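# Chain and residue survey
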Amino acid sequence: MTVISEDSVFTSLQQHGPLAVEDSVDLTEPFSPRTKHWVKTLCRERVNATKYRALRSQIFEFLDIDNFGQLTKLLENPQLQAERIERVYALLGNMFGLNGTTREVESRVHQYAMTADAVVNSLKVKILNPYASYIATTNEIEVANDPVTLLLIMFNDRYHKKARFEARRKLILMNLAGSIDQRERETAIEEKFSSFLHFLNDYVWSDSLKIGEHDVVYLMSNHDPENFNCVSVKVLSPAEAKSVSPVKWTKLTLLKRRRFCTGNLDIPIYVSIRKKPPEAKVLKLLRKNQKNPAAAVDDELGLMAVLDSVADIKTFQNHLTRSASQANSFMVLEDISDNLSGSTPYKSSSTGSSSKTEMMKFFARLGGMRVEFIIHTNRSWLNYMYKKDVSHDEYEVKRIFDSGVMELLFPADIYNLDHTMIRNDMIRRFRGHIEEM
């Protein structure tokens, strides 16, 4: 089920349904032929009618009005708007469990607005970079950070259809950002991330390197011209890499590696540790067609590691278990999947993922945390970066388009975009960048 299907939880943002933003707004003729036709269309689907009534009730309560006719007076009276804004911050503070003064709550809500803007900007930076001018947010919407102002813009016919849609979109993204922030505060994710870093530095990594120190190496790899599959890979020192001149179908990729010690072995490991930023979590909620972060965002803490061999991976798993015991915590591995051999297809519920992906994946529960681990060999990691239909850049494009999120956030009738063409064009661009480097 995509986010633009009839069963989507984001019906109010869909431009192909009865709640779509129209070319104009008229609050003075509630019984006009156009309004009657709209009501008839809405009532064809009982679920849509129910969603509309719930949404209407929320709008009335939010703006402290009894009917849409009172919006005209509110739109024309800045003093009334200021009173509503003050009232709304108190309501939102209680809803999201925010403690503090009105100004402190206001500041937090404005952070939600910045996260909403960051969702759009993050797509402009990479996945839609050549089309950034097409999807740029209207200036008046980008600078509007309080929910009352944004909500009133939706009903103000002085604003163009695109601006009114973007006001609605920003409100919905702000609500998701607020839910994510509330979840993070409830689960103390910041403290857990700090604890996880301390655990790695104190118990997992070798003390032969200082914290933050790395060994620099290069992976010299040969790739199949047909699909850019990694055929062979060799680890080179920086001195050895200087004497190498990559040719077509080869790659020279830098890795900064840490080490861990087990027995007499000192094993190198490349590690990327992440905590998803709020805008990435918002996008994940959209892709998963969920409004509840607890149900959709299960990988808030994550570690990706690259080791030289499968034997080193098994050694690292054992080392993790022993390290957790040294930190006075039992460690349990959950939801383990392993297709590093490539003999079994990769199974994932994520839209856009390829069955050709090779990796080991599991969740480790330790110290009150649940951390996602993605483990690669040098070869599988290079395929994760470069292989056709598998590379992460292609995956990012596919999941944002194939899930319907791009159509939801940038509907074709407002932004004049051909989403299928852009999807294929961006995959082609990323492939060109990978293969021509």
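Just so you know, the residues in each chain are numbered from 1, in the order the chain's sequence is written. Predicted model: local features are reported for residues with pLDDT of at least 70 only, side-chain atom pairs are reported and counted for 80 or more only, and whole-chain, interface and lining totals are derived from all residues. Calculated side-chain values reflect all of the structure's heavy atoms, with hydrogen atoms and water omitted.

### Description of the environment of Ser 323
- A run of DSSP states H or I qualifies as a helix once it reaches four residues; a run of E qualifies as a strand once it reaches two. Both are numbered from the N-terminal end. On the secondary structure map, Ser 323 appears in helix α14 (residues 310–326).
- Residues Ser 323 and Val 204, 119 residues apart in the sequence, show an inter-C-alpha distance of 5.9 Å.
- The residues contacting Ser 323, other than those within four sequence positions of it, are Phe 199, Tyr 203 and Val 204.
- Think of a polar contact as two N or O atoms within 3.5 Å of one another; within protein, one of them needs to be a possible hydrogen donor and the other a possible acceptor, and neighboring residues in sequence only count if both atoms come from side chains. A polar atom in the side chain of Ser 323 sits 2.8 Å from the backbone oxygen of His 319. Whether two residues are in contact is decided by their heavy atoms: any pair within 4.5 Å suffices.

### A few points about the sheet that holds strand β3 (residues 250–262)
- DSSP bridges decide pairing: two strands pair if at least two such bridges lie between them. Ordered in space as β2-β1-β3-β4-β5-β8-β7-β6, the 8 strands form an open sheet in which the pairing is mixed. For this open sheet the edge positions go to β2 (230–236) and β6 (332–338), each flanked by a neighbour on one side alone. Ignoring strand direction, the axes of neighbouring strands in this sheet form an average angle of 35 degrees.
- Taken together, the 7 bridges between strand β7 (residues 360–366) and strand β8 (residues 369–377) define a ladder with antiparallel strand orientation. By the bridge assignment for β8, Met 360 is matched with Ile 375.
- Strand contacts of α14: β3, β4 (265–275), β5 (301–307), β6, β7 and β8, with the helix running at about 35 degrees to β3, the strand carrying the most contacts. Only the stretch in contact is used when a helix axis is fitted, and all axes are lines through C-alpha atoms; the angle between N-to-C directions ranges over 0 to 180 degrees.

### Concerning unusual backbone geometry
- With phi around 55 degrees, Ala 188 is a residue other than glycine that occupies positive phi space.
- Along the polypeptide, Ala 188 turns up in the loop between α9 (161–187) and α10 (189–204).
- Phi is positive for Asp 335, which is not a glycine, with a value near 50 degrees.
- Along the chain, Asp 335 falls in strand β6.

### Examining the packing of helix α4 (residues 78–95) against helix α8 (residues 147–154)
- The contact between α4 and α8 brings their axes to 8 Å, and the two run at 120 degrees. In terms of orientation, α4 lies oblique with respect to α8. For the pair α4 and α8, contact is made by Gln 81, Arg 84, Ile 85, Val 88, Tyr 89 and Leu 92 and by Pro 147, Val 148, Thr 149 and Leu 152, respectively.
- Just so you know the grouping, Ala, Val, Leu, Ile, Met, Phe, Trp, Tyr, Cys and Pro go in nonpolar, Asp, Glu, Lys and Arg go in charged, and all remaining residues, Gly too, go in polar. Taken together, the residues that form the contact of α4 with α8 break down as 7 nonpolar, 2 polar and 1 charged. Under this scheme an angle from 65 to 115 degrees is roughly perpendicular, one under 35 degrees roughly parallel, and one over 145 degrees roughly antiparallel; angles in between are oblique.

### Quick word on the packing of aromatic side chains
- Geometry of aromatic contacts follows a simple scheme: Phe, Tyr and Trp rings, the Trp one being its six-membered ring, pair when their centres are within 6.5 Å, and the pair is stacked under 30 degrees between planes, edge-to-face over 60, tilted otherwise. On inspection of all chains with the given rule, the structure shows 13 aromatic pairs.
- Between Phe 260 and Phe 316, the aromatic rings sit 5.3 Å apart at their centres with planes inclined by 50 degrees, giving tilted as the arrangement. With Phe 260 in strand β3 and Phe 316 in helix α14, this residue pair connects regions lying 56 residues apart in the sequence.
- Here the term buried applies to any residue with accessible area under 20% of the maximum for its type, exposed to any over 50%, and partly exposed to those in between, with areas from a 1.4 Å probe on protein chains only. In this structure Phe 260 comes out as buried when scored by relative accessible area, which is 0%.
- Of the residues examined, Phe 316 reaches a relative accessible area of 1% and is grouped as buried.
- Three or more aromatic residues joined by ring pairs make a cluster, and in this case those are Phe 60, Phe 68 and Phe 155.
- Two thresholds decide whether a charge sits over a ring: the Lys NZ or Arg CZ must be within 6 Å of the ring centre and within 35 degrees of the ring normal. Taking the ring centre of Trp 249 as reference, the NZ or CZ of Lys 248 above it sits at 4.5 Å.

### Let's talk about the side chain of Ser 8
- Relative to the helices and strands, Ser 8 is located in the segment before α1 (33–42).
- At 2.6 Å, the side chain of Ser 8 forms a polar contact with the backbone oxygen of Val 3.
- Within the local environment of Ser 8, its side chain forms a polar contact with the side chain of Asn 289, the two groups lying 3.2 Å apart.

### Observations concerning helix α16 (residues 392–402)
- Burial runs high along α16: 9 of the 11 residues are buried.
- Regarding α16, the residues found buried are Asp 393, Glu 394, Tyr 395, Glu 396, Val 397, Lys 398, Arg 399, Ile 400 and Phe 401.
- Directly after α16, the chain includes Gly 404, whose backbone phi takes a positive value near 90 degrees.

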